[in-house]
Amino acid sequence: KAGVTQTPRYLIKTRGQQVTLSCSPISGHRSVSWYQQTPGQGLQFLFEYFSETQRNKGNFPGRFSGRQFSNSRSEMNVSTLELGDSALYLCASSLWTSGQETQYFGPGTRLLVL
Amino acid sequence: GNSVTQMEGPVTLSEEAFLTINCTYTATGYPSLFWYVQYPGEGLQLLLKATKADDKGSNKGFEATYRKETTSFHLEKGSVQVSDSAVYFCALSDKDFGNEKLTFGTGTRLTIIP
């Protein structure tokens, strides 16, 4: 079974621009979560989508948004980019089974803001 | 709120040495516990997990036991190899449906020298 895929893998943007990242979950998985990884803050939870609804949200400003489509694919958008948004953005998908969820991660999108 | 405290790195060991990476957690209820590994330039890979007290997760020679009395989930391996060089993350998630976000430790960088 194919794993979680993320596109693009690398991205360079300038301050003030916006960016959209894409994530395709493992087939059959309905939950998609996004995390930001930076050297200073480590791994931080952004948000989670389940059946096209945002179910959980971390402590990030409103510039960070996301959505999920009917096929469970998800996108996240960052508007008005700041230098501090440079990070590895990781997507994870999961299948809820018996209350013991395991999240499987994609390779990430590395975003550099100049 | 939930938190994970992980052994500070970096850790450098010789090949075939015994490895322990400490992890303790703070959580309400009885979370699921995970170890993820990140190789250079890649996303996170699930290494092992445990979902209830006294469970032992194991994979690729790595083991960790869910200790409720000490709120710990230490990672161990009897004989490390150069290929084990990576960053290791301890994480927990609540089991409540709709709140399965992962809370991560800061990561421990492990380097194995031949």
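What counts, and at which threshold
Residues numbered from 1 in each chain as written. Chains lettered and ligands numbered in written order. Predicted model: local features only at pLDDT ≥ 70, side-chain atom pairs only at ≥ 80, totals over all residues. Heavy atoms only, no water. Salt bridge = Lys/Arg side-chain N within 4 Å of Asp/Glu carboxyl O. Helix = DSSP H or I, 4+ residues; strand = E, 2+ residues; numbered from the N terminus. Buried < 20%, exposed > 50% of the residue type's maximum accessible area, 1.4 Å probe, protein only. Phe/Tyr/Trp six-rings, centres within 6.5 Å; stacked < 30°, edge-to-face > 60°. Lys NZ or Arg CZ within 6 Å of the ring centre and 35° of its normal. Pairing = 2+ DSSP bridges. Axes fitted to C-alpha atoms, helices over the stretch in contact; angles between N-to-C directions. Patch = residues over 30% accessible without salt bridge, like charges linked within 9 Å, V, L, I, M, F, W, Y side chains within 5 Å. Areas by Shrake-Rupley, 256 points an atom, 1.4 Å probe, with all protein chains shown as cover. Polar contact = N/O pair within 3.5 Å; in protein donor to acceptor, adjacent residues only side chain to side chain. Contact = heavy atoms within 4.5 Å. Buried area = accessible area lost by both parts, 1.4 Å probe. Nonpolar A, V, L, I, M, F, W, Y, C, P; charged D, E, K, R; others polar.

**Student:** Could you give an account of the pattern of salt bridges, naming the residues involved and the relevant values?
**Tutor:** Residue and element names in this part refer to chain A. Counting across every chain of the model gives eight salt bridges over all chains. Linking Asp 85 and Arg 63 is a salt bridge whose minimum nitrogen-to-oxygen distance equals 2.8 Å. Residue Asp 85 is found in the loop between strand 8 (74–78) and strand 9 (87–94), and its partner Arg 63 is found in the loop between strand 6 (53–57) and strand 7 (64–68); the two are separated by 22 residues along the sequence. Accessibility classification places Asp 85 together with Arg 63 in one group, the buried group. Put simply, Arg 63, Glu 82 and Asp 85 are held in one network by salt bridges that share partners.

**Student:** Now, about the packing of aromatic side chains: what can you tell me, with residues and values included?
**Tutor:** One pass over the structure, following the stated rule, counts 12 aromatic pairs over all chains. A centroid spacing of 6.1 Å and a plane angle of 80 degrees characterise the contact between B:Tyr25 and B:Tyr66, whose relative ring orientation is edge-to-face. Here the residue B:Tyr25 occupies a position in strand 4 (residues 23–26), and B:Tyr66 occupies one in the loop between strand 8 (62–65) and strand 9 (75–77), the gap between them amounting to 41 residues. Across the pair, exposure class does not vary: B:Tyr25 and B:Tyr66 are buried alike. Three or more aromatic residues joined by ring pairs form one cluster here, namely A:Tyr35, A:Phe45, A:Phe105, B:Phe34, B:Tyr36, B:Phe89 and B:Phe104. Above the plane of the ring of A:Phe50 lies A:Arg55, whose end atom (NZ or CZ) is 4.3 Å from the centre.

**Student:** Describe the sheet that holds strand 8 of chain B, with residues and values.
**Tutor:** The pairing of strands in a sheet happens through backbone hydrogen bonds and is either parallel or antiparallel. Residue and element names in this part refer to chain B. Read across the sheet, four strands follow the order 3-9-8-7 without closing on themselves; strand pairing throughout is antiparallel. The sheet is open, and its two edges are formed by strand 3 (19–21) and strand 7 (56–59), each paired on a single side. On average, each strand axis in the sheet is tilted by 15 degrees relative to the strand beside it, whichever way the strands run. In terms of strand pairing, strand 8 meets strand 9 through three bridges, oriented antiparallel. Across the sheet, residue Phe 62 finds its bridge partner in strand 9, namely Lys 77.

**Student:** I'd like a rundown of a nonpolar patch on the surface, residues and numbers included.
**Tutor:** A surface patch of nonpolar side chains, amounting to about 300 Å² of accessible area, comprises A:Ile12, A:Leu112 and A:Leu114. As for its position among the elements, A:Ile12 is in strand 2 (residues 10–13).

**Student:** I'd like to hear about the sheet that holds strand 8 of chain A, residue by residue, with values.
**Tutor:** Residue and element names in this part refer to chain A. The strand order across the open sheet formed by four strands is 1-3-8-7, and the pairing between neighbours is antiparallel. Sheet topology places strand 1 (5–7) and strand 7 at the edges, where each strand pairs with a single neighbour. Going from strand to strand, the sheet's axes swing by 20 degrees on average, the running direction of each strand aside. As defined by bridge partners, strand 1 adjoins strand 3 (residues 19–24) across three bridges and the pair is classed as antiparallel. Across the sheet, the residue bridging to Thr 5 is Ser 24, located in strand 3.

**Student:** How would you summarise the side chain of A:Glu75 if you had to cite specific residues and measurements?
**Tutor:** Residues and elements named next belong to chain A. Looking at the element boundaries, Glu 75 is found in strand 8. Among the polar contacts made by the side chain of Glu 75, one reaches the side chain of Arg 73 at a distance of 3.3 Å. When near neighbours in sequence (up to four residues on either side) are disregarded, Glu 75 contacts Thr 20, Leu 21, Ser 22, Trp 34, Ser 65, Gly 66, Arg 67 and Phe 69.

**Student:** I'd like a rundown of the interface of chain A and chain B, residues and numbers included.
**Tutor:** Facing the 21 residues of chain A at the interface are 20 residues of chain B. Summed over both partners, the interface of chain A with chain B buries about 1800 Å², with 55% contributed by carbon and sulfur atoms. One can count zero salt bridges joining chain A with chain B. Scanning the region where chain A abuts chain B turns up four residue pairs in polar contact (both at pLDDT 80 or more). Counting residues per element, the side of chain A that touches chain B draws most heavily on strand 5 (residues 42–50) of chain A, which supplies four residues. Tallied by class, residues from the side of chain A that touches chain B come to 10 nonpolar, seven polar and four charged.

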